[in-house]
Amino acid sequence: MTSPRLAVPWATIALVFACLAVAFLGVFDPGSTERLAYLPARPSLAAALTCLFVHANLVHLLGNMVFLAAVGPRVESAAGHWGLLAIFLGGGAAGVLAHQGIMASLGANTPLVGASGAIAGIAGYAAIRYMHRRVPLAPRVTVTVGAVTLAWVVLQAVGAFVAIGGFPVTAFWSHLAGFFFGLVASLVMRAPEQARLQFGYETLDRMGDRGPGAVLRAAEAHLAEHPDDPRALRELAEALHSMGETAHEAQIRARLVEAVPEAERAAALADLARAQGLRFLSPIRRMRLASELSDPILRRSLYESVLAEPEGESQRPFALLNLVEMGADEAGAHVRELREQFEFHPASDAARAKGLLR
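Every value quoted in this text rests on a predicted model; they were computed, and no experiment measured them.

### Side note on the overall build of the protein chain
Piece 1. Tallying secondary structure elements over the protein chain gives 18 helices and two strands in all.
Piece 2. For the protein chain, the C-alpha radius of gyration of 31 Å lies well beyond 21 Å, the compact-globule estimate for 358 residues.
Piece 3. Across its three principal axes, the protein chain shows a C-alpha extent of roughly 95 × 50 × 35 Å.
Piece 4. Classification of the 358 residues of the protein chain by burial places 44% in the buried group.

In structure tokens form, the structure reads like this:
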């Protein structure tokens, strides 16, 4: 999987709908634009919020909505519904504060309208989260999202200084403030780590077409930065299996057991057992994992692996007890061992209490 799973982007849809609804309100009530705008001479928290959803004209509205519809779902898939809303509102608030400060310094009262600052916050997050993603610039020419964003920031900075020079028409400083908020939000939400993880996955996908050796090198490089990443561990184990490196494969599959989510642990344990690598888990860990499994065959394998190793001596009576409870083929022999060698052990006491040992 090379990109985040895209669920329905409800937050993006809601924001676009809100902006369009306010635009329709302006058709029937032209004075609503002025009422909902933010006026530096009369600052209010309500206006700081409502100004994000009202736009100066159709071009202004469509420009913002097209960008929001294009980028919002990607950011929402990475940051979540509430994360996107937080970035949108935080970027908008940062833009309002910047506009208030600039207008105060100029002695002006230019109204602030539009979602540009809020959307710039989303752009700031996206610039970090998708910094390695390449986008087309011209036929056969692609550039990274990071490069495009840098060019945009430069243009906004130039526009900001021109605006201060006497043409405060576009709220460039609001855009920059919103963008800066998005950058900060990306750090708080660990977007750089997600970006590196995603880049590593894309590299693994490319190496998959070149054979197990290429996958092995890519997976090891990825694991050097993300040592517990389940996908990279799985890819590495499969590459080692293809190359006949069974001992190393077993070690990696043991690491995978500890890295995968609980819902995937049984499958990882089954793969580890097939690779004859249960010995790479401590006997105590095997006993604990067995108690969490519902698969009787896999549970039995774990208990029997404890019996097969001298290192499992301290856990041997408990493994015997569990095998007896499961009705293993050798239950009779296990009962005799409990009686003869572990007569006063707590496991034997438990077996007697359950009527398994007399």
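After presenting the structure, the write-up continues.
### A few points about the packing of helix H16 (residues 316-326) against helix H17 (residues 331-341)
Piece 1. Between H16 and H17, the shortest axis-to-axis distance is 9 Å and the interhelical angle comes to 140°. Judged by the angle between their axes, H16 and H17 are oblique. Where H16 crosses over H17, the handedness of that crossing is left-handed. On H17, the residues touching Arg316, Pro317, Leu320, Leu321, Leu323 and Val324 of H16 are Ala331, His334, Val335, Glu337 and Leu338.

### Some points on the nonpolar core
When a protein is soluble and globular, its nonpolar side chains tend to lie buried together.
Piece 1. Counting 46 residues, the largest nonpolar core has Leu236, Val257, Leu269, Leu281, Leu302, Tyr303 and Leu338 as its most contacted members.
Piece 2. Setting aside residues no more than four positions away along its own chain, Leu236 makes contact with Leu216, Ala219, Glu220, Leu223 and Ile252.
Piece 3. Grouped together as the second largest cluster of nonpolar side chains are 34 residues, Ala11, Ala47, Phe88 and Ala171 included.

### What to know about the environment of Ala94
Piece 1. Positionally, Ala94 belongs in helix H5 (residues 81-106).
Piece 2. A residue is classified by how much of its surface remains accessible, and Ala94, at 18% relative accessible area, is buried.
Piece 3. For the pair Ala94 and Glu225, spaced 131 residues apart in sequence, the C-alpha separation works out to 34 Å.
Piece 4. Not counting residues up to four positions away in its chain, the partners in contact with Ala94 are Ala177, Gly178 and Phe181.

### Quick look at a nonpolar patch on the surface
Piece 1. A cluster of nonpolar side chains, contributed by Leu20, Phe24, Val27 and Phe28, occupies part of the molecular surface with about 480 Å² of accessible area.
Piece 2. Tracing the backbone through its elements, the reader meets Phe28 in helix H1 (residues 10-28).

### Some words on unusual backbone geometry
Piece 1. One non-glycine residue, Arg190, adopts positive backbone phi at about 60°.
Piece 2. The residue Arg190 is located in the loop between helix H8 (172-188) and helix H9 (191-207) in this model.
Piece 3. Backbone geometry places Gln276, a non-glycine residue, at a positive phi of 55°.
Piece 4. When you line up the elements, Gln276 lands in the loop between helix H13 (265-274) and helix H14 (283-292).

### Points about the packing of aromatic side chains
Note on aromatic pairs: each is described by the distance of the centres and the angle between the planes.
Piece 1. Enumeration over the complete set of coordinates arrives at one aromatic pair.
Piece 2. Their ring planes at 40° and their centres at 5.8 Å tell us that Phe53 and Phe88 sit as a pair that is tilted. Pair noted here: Phe53 is in the loop between helix H3 (45-50) and helix H4 (58-79) and Phe88 is in helix H5, with a separation of 35 residues, a long-range link.
Piece 3. Under the relative-accessibility criterion, Phe53 is labelled buried at 16%.
Piece 4. In this structure Phe88 comes out as buried when scored by relative accessible area, which is 0%.
Piece 5. Positioned above the aromatic ring of Tyr130, the side-chain terminus of Arg129 is 4.9 Å from the ring centre.

### Here we look at the pattern of salt bridges
Piece 1. Scanning all chains against the criterion turns up 15 salt bridges.
Piece 2. Close ionic contact of Arg253 with Glu238 constitutes a salt bridge, the shortest N to O distance being 2.9 Å. Within this pair, whereas Arg253 is found in helix H12 (residues 246-259), its partner Glu238 is found in helix H11 (residues 230-242), the two being separated by 15 residues in sequence.
Piece 3. Through salt bridges with shared partners, a single ionic network connects Glu238, Glu249, Arg253, Asp271 and Arg274.

### What to know about the packing of helix H10 (residues 212-225) against H11
If you want to describe how two helices pack, look at the angle between their axes and the distance between the axes.
Piece 1. The geometry of H10 relative to H11 is characterised by a closest axis approach of 9 Å and an angle of 150° between their N-to-C directions. The two elements H10 and H11 meet at a crossing, and its hand is left-handed. In contact with Pro212, Val215, Leu216, Ala219, Glu220, His222 and Leu223 of H10, H11 contributes Ala232, Leu233, Glu235, Leu236, Ala239, Leu240 and Ser242.
Piece 2. Here the residues of the contact of H10 with H11 sort into 10 nonpolar, two polar and two charged.

### Describing H5
Piece 1. With 26 residues, H5 extends 38 Å from end C-alpha to end C-alpha; this agrees with the ideal 38 Å at 1.5 Å per step.
Piece 2. Trailing H5 by a residue or two, Gly107 shows a phi angle of about 70°, which is positive.

### Considering the side chain of Asp229
Piece 1. By the secondary structure assignment, Asp229 is in the loop between H10 and H11.
Piece 2. Buried and without a salt bridge, Asp229 has Arg231 as its closest oppositely charged side chain, separated by 6.4 Å.
Piece 3. Within polar-contact distance, the side chain of Asp229 engages the backbone nitrogen of Ala232 at 3.1 Å.
Piece 4. If sequence neighbours within four positions are ignored, Asp229 has contacts with Leu197, Tyr201, His222 and Leu223.

### So, H17
Piece 1. For H17, the full list of buried residues reads Ala331, His334, Val335, Glu337 and Leu338. Down the axis of H17, the smallest arc covering the buried residues is 160°, so these residues share one side. Every exposed residue of H17 that faces more than 90 degrees away from the buried side is listed here: Glu340 and Gln341.
Piece 2. Packing partners of the buried residues in H17 comprise helix H15 (296-307), H16 and helix H18 (346-353).

About the thresholds
- Positions within a chain are numbered from 1, following the residues in the order the chain's sequence is written.
- Reporting of local features is limited, given that this is a predicted model, to residues whose pLDDT is at least 70; pairs of side-chain atoms are given and counted only at 80 or more, and all residues count toward the totals for whole chains, interfaces and linings.
- Think of the side-chain values as coming from all heavy atoms in the structure, minus any hydrogens and water.
- A run of DSSP states H or I qualifies as a helix once it reaches four residues; a run of E qualifies as a strand once it reaches two. Both are numbered from the N-terminal end.
- For the radius of gyration, the atom set is restricted to C-alpha positions; the globular benchmark scales as 2.2 Å times the number of residues to the power 0.38.
- Three exposure classes are used, based on accessible area relative to the maximum for each residue type with a 1.4 Å probe and protein chains only: buried under 20%, partly exposed in between, and exposed over 50%.
- Axis definition: a line fitted to C-alpha atoms, over the contacting stretch in the case of helices. Angles run 0 to 180 degrees between N-to-C directions.
- For classification purposes, an angle smaller than 35 degrees is called roughly parallel, one larger than 145 roughly antiparallel, one from 65 to 115 roughly perpendicular, and anything else oblique.
- Crossing handedness: left-handed means the near helix sits turned counterclockwise from the far one by under a right angle, and right-handed means the same turn made clockwise.
- Should any heavy atoms of two residues lie within 4.5 Å, those residues are considered in contact.
- Residues enter a nonpolar core if they are buried and are Ala, Val, Leu, Ile, Met, Phe, Trp, Tyr or Cys, with the set joined through side-chain atoms within 4.5 Å.
- Grouping into patches uses exposed residues only, defined as over 30% relative accessible area, and leaves out salt-bridged ones; the cut-off is 9 Å for like charges and 5 Å for nonpolar side chains (Val, Leu, Ile, Met, Phe, Trp, Tyr).
- Note that accessible areas follow from Shrake-Rupley with a 1.4 Å probe, and for residues the cover is restricted to the protein chains shown.
- Any carboxyl oxygen of Asp or Glu within 4 Å of a side-chain nitrogen of Lys or Arg constitutes a salt bridge here.
- Pairs were defined over the aromatic rings of Phe, Tyr and Trp, the Trp ring being its six-membered one, requiring ring centres within 6.5 Å. Orientation was assigned from the angle between planes: stacked under 30 degrees, edge-to-face over 60, tilted for the rest.
- Here, over-ring charges are defined by two tests on the NZ atom of lysine or the CZ atom of arginine: distance to the ring centre within 6 Å, and angle to the ring normal within 35 degrees.
- Think of it as three bins: nonpolar holds Ala, Val, Leu, Ile, Met, Phe, Trp, Tyr, Cys and Pro, charged holds Asp, Glu, Lys and Arg, and polar takes everything else, Gly as well.
- Here a helix's expected span is defined as the number of its residues, less one, multiplied by 1.5 Å.
- Only four residue types enter the charge count, namely Lys and Arg as positive and Asp and Glu as negative; His and the chain termini do not.
- Pairs of N or O atoms are called polar contacts if they sit within 3.5 Å, as long as, within protein, a hydrogen donor faces a hydrogen acceptor (for residues adjacent in sequence, only side-chain-to-side-chain pairs).
- Starting at the helix axis, one direction is taken to each C-beta atom, and the arc is that of these directions.

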